[in-house]
Amino acid sequence: MPKSAAITVVGKADPASKISTMSALDALRDASGDVEFNDYTATASRSRPVTDTSALLGLVSRGRADIAVLEAGELPLKFSGKLEIGAVMQRGNPFNVIISNEDMILDDLPAGTSIAVGDPGLKGQLLSYRDDIDLVDTEEDYAGLRELLDRGEIGGFVARAWEVELLGRQDEVVEMFTSSICMPPAGQGAVVLIIRGGDKNAAAAVRQINHPASLAEVMLERTFFGAMTKDGGGGIGVLAEFEENEFGLSATIVSPDGSTKIVSEMHGWPGDELKVVGSLVEDLFEKGGDEIIEMYRKIPEE
């Protein structure tokens, strides 16, 4: 039987994303032996490495690629109506970790230690736990943060467990933060495959490697996130967990300075997702969550 037209897969150029994209390519090839899959960067004659999410999604939207691979936590709440989430691979570790000098966990770090944190919501959560450490805003990748730590310019940094594991740097982790310290952002640790709506070939291919529970978790977290904040901001942490015939949905909102922390948790059964989301949102708003979301909107953009 002749092979179908080749399906082109694209991912971002950072080291962790490259590994994730190749893993998705391998899984697609194993699951669909009669389909040819190409790596965009290897086949597009004038392609350049993709460094941001909007460019990645644009390649699929314009038909330059057929499947985009990225972490669900990096997927905007709103994106092109031409695109859709085709599948979610089995979710990895959704939590955050700390890498620090002297292998000190968060509780043992001296007051005033500089810790690099890239996400404002995580920064608020850490300040709620320890307001005597110096949290430094950063956009450095893992390698850049590791260099800053090795040079002594920072005392530690917060990273995604998912990324650390992909890079094979687990031995550098000092502590993994439970959700009581840092509730992860929506979708963290899950790899999504984005396709064009109506692309039957790509849809059939990604369906072969979809992990239903992980897809349900990502969609529930994004539904909750969208119900809480229309613009994708607000410093909200959320984690859904599907097990057998029930699910749990936990959320945390912490003010930017860490002084106010609101938590809530709901449980339900398949079919109750929208009801549970509505109840959780209502509970958080009644506790002042809307006021905290507004605080993040007022943070000046650099």
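What counts, and where the lines are drawn
- Residues numbered from 1 in each chain as written.
- Predicted model: local features only at pLDDT ≥ 70, side-chain atom pairs only at ≥ 80, totals over all residues.
- Heavy atoms only, no water.
- Helix = DSSP H or I, 4+ residues; strand = E, 2+ residues; numbered from the N terminus.
- Rg over C-alpha atoms; globule rule 2.2 N^0.38 Å.
- Buried < 20%, exposed > 50% of the residue type's maximum accessible area, 1.4 Å probe, protein only.
- Contact = heavy atoms within 4.5 Å.
- Salt bridge = Lys/Arg side-chain N within 4 Å of Asp/Glu carboxyl O.
- Pairing = 2+ DSSP bridges.
- Right-handed = clockwise from strand over helix to strand, strands pointing away.
- Axes fitted to C-alpha atoms, helices over the stretch in contact; angles between N-to-C directions.
- Polar contact = N/O pair within 3.5 Å; in protein donor to acceptor, adjacent residues only side chain to side chain.
- Phe/Tyr/Trp six-rings, centres within 6.5 Å; stacked < 30°, edge-to-face > 60°.

A. Representation of the overall build of the chain within the structure. Helix and strand content of the chain: 10 helices and 13 strands. Against the globule reference of 19 Å for 302 residues, the chain gives a C-alpha radius of gyration of 20 Å, in line with a compact fold. Dimensions along the principal axes, computed over C-alpha positions, put the chain at roughly 65 × 50 × 35 Å. Across the 302 residues that make up the chain, the buried fraction comes to 51%. For the chain, the proportion of contacts with a sequence separation of at least 24, taken over those separated by at least 6, is 69%.

B. Focus on the pattern of salt bridges. Following the criterion strictly, the structure yields 17 salt bridges and no others. For the salt bridge of Arg169 with Glu172, the shortest nitrogen-to-oxygen distance reads 2.7 Å. For Glu172, a relative accessible area of 17% puts it in the buried group. Arg297 is the partner of Glu294 in a salt bridge, and the nearest nitrogen-oxygen pair spans 3.2 Å. Note that Glu294 and Arg297 are positioned in helix 10 (residues 289-297) at a spacing of three residues, about one turn of the helix. Relative accessible area serves as the criterion here: at 39%, Arg297 is assigned to the partly exposed category. Each member of the salt-bridge network shares a partner with another, and the members are Lys12, Glu71, Glu74, Arg160 and Glu163.

C. Main features of the pairing of strand 1 (residues 7-11). Within strand 1, five of the five residues are buried, which leaves the element mostly enclosed by the surrounding structure. Both faces of strand 1 are covered, namely the face carrying Ile7, Val9 and Gly11 and the face carrying Thr8 and Val10. Relative to strand 2 (residues 37-39), strand 1 runs parallel, the two being bridged by three bridges. Residue pairing across strands places Val9 opposite Asp39, the latter belonging to strand 2. Considered for its hand, the β-α-β crossover made up of strand 1, helix 1 (residues 15-31) and strand 2 is right-handed. As paired strands, strand 1 and strand 3 (residues 67-71) are joined by three bridges and run parallel to one another. Bridge pairing in strand 3 links Gly11 to Val69.

D. Fine view of the sheet that holds strand 8 (residues 156-160). Taken together, the five strands give an open sheet; going across it, the order is 7-6-8-5-9, and neighbouring strands pair in mixed fashion. At either end of the open sheet lies a strand with only one pairing partner, and these are strand 7 (134-137) and strand 9 (175-177). The mean angle between the axes of side-by-side strands here comes to 30°, regardless of whether they run parallel or antiparallel. Where strand 5 (residues 96-100) and strand 8 come together, five bridges link them in antiparallel fashion. The residue bridging Ile98 from the neighbouring strand is Val158, located in strand 8. Running over the sheet, helix 4 (residues 120-129) touches strand 5, strand 6 (114-117), strand 7, strand 8 and strand 9 and is turned about 175° from strand 7. In the packing of helix 5 (residues 142-150) onto the sheet, contacts are made with strand 5, strand 6 and strand 8, and the angle to strand 8 comes to roughly 160°.

E. Representation of the side chain of Asn96 within the structure. For Asn96, the position within the fold is in strand 5. On the basis of relative accessible area, Asn96 is assigned to the buried category, the value being 1%. A polar contact is formed between the side chain of Asn96 and the side chain of Gln188, at a distance of 3.2 Å. Here Asn96 is in contact with Leu122, Val158, Ala159, Arg160, Ala161, Glu175, Met176, Phe177, Cys182, Pro184, Pro185 and Gln188, once residues within four sequence places are set aside.

F. Main features of the packing of aromatic side chains. Within the structure shown, the criterion is met by two aromatic pairs. Taking the centre distance of 5.3 Å and the plane angle of 80° together, the rings of Tyr142 and Phe157 count as edge-to-face. On the criterion of sequence distance, the pair formed by Tyr142 in helix 5 and Phe157 in strand 8 is long-range, its members being 15 residues apart. One exposure class covers both Tyr142 and Phe157, and it is buried. Relative to Phe247, the ring of Phe242 lies with its centre 5.0 Å away and its plane at 25°, an arrangement referred to as stacked. The pair Phe242 / Phe247 is uniform in exposure class, with both members buried.

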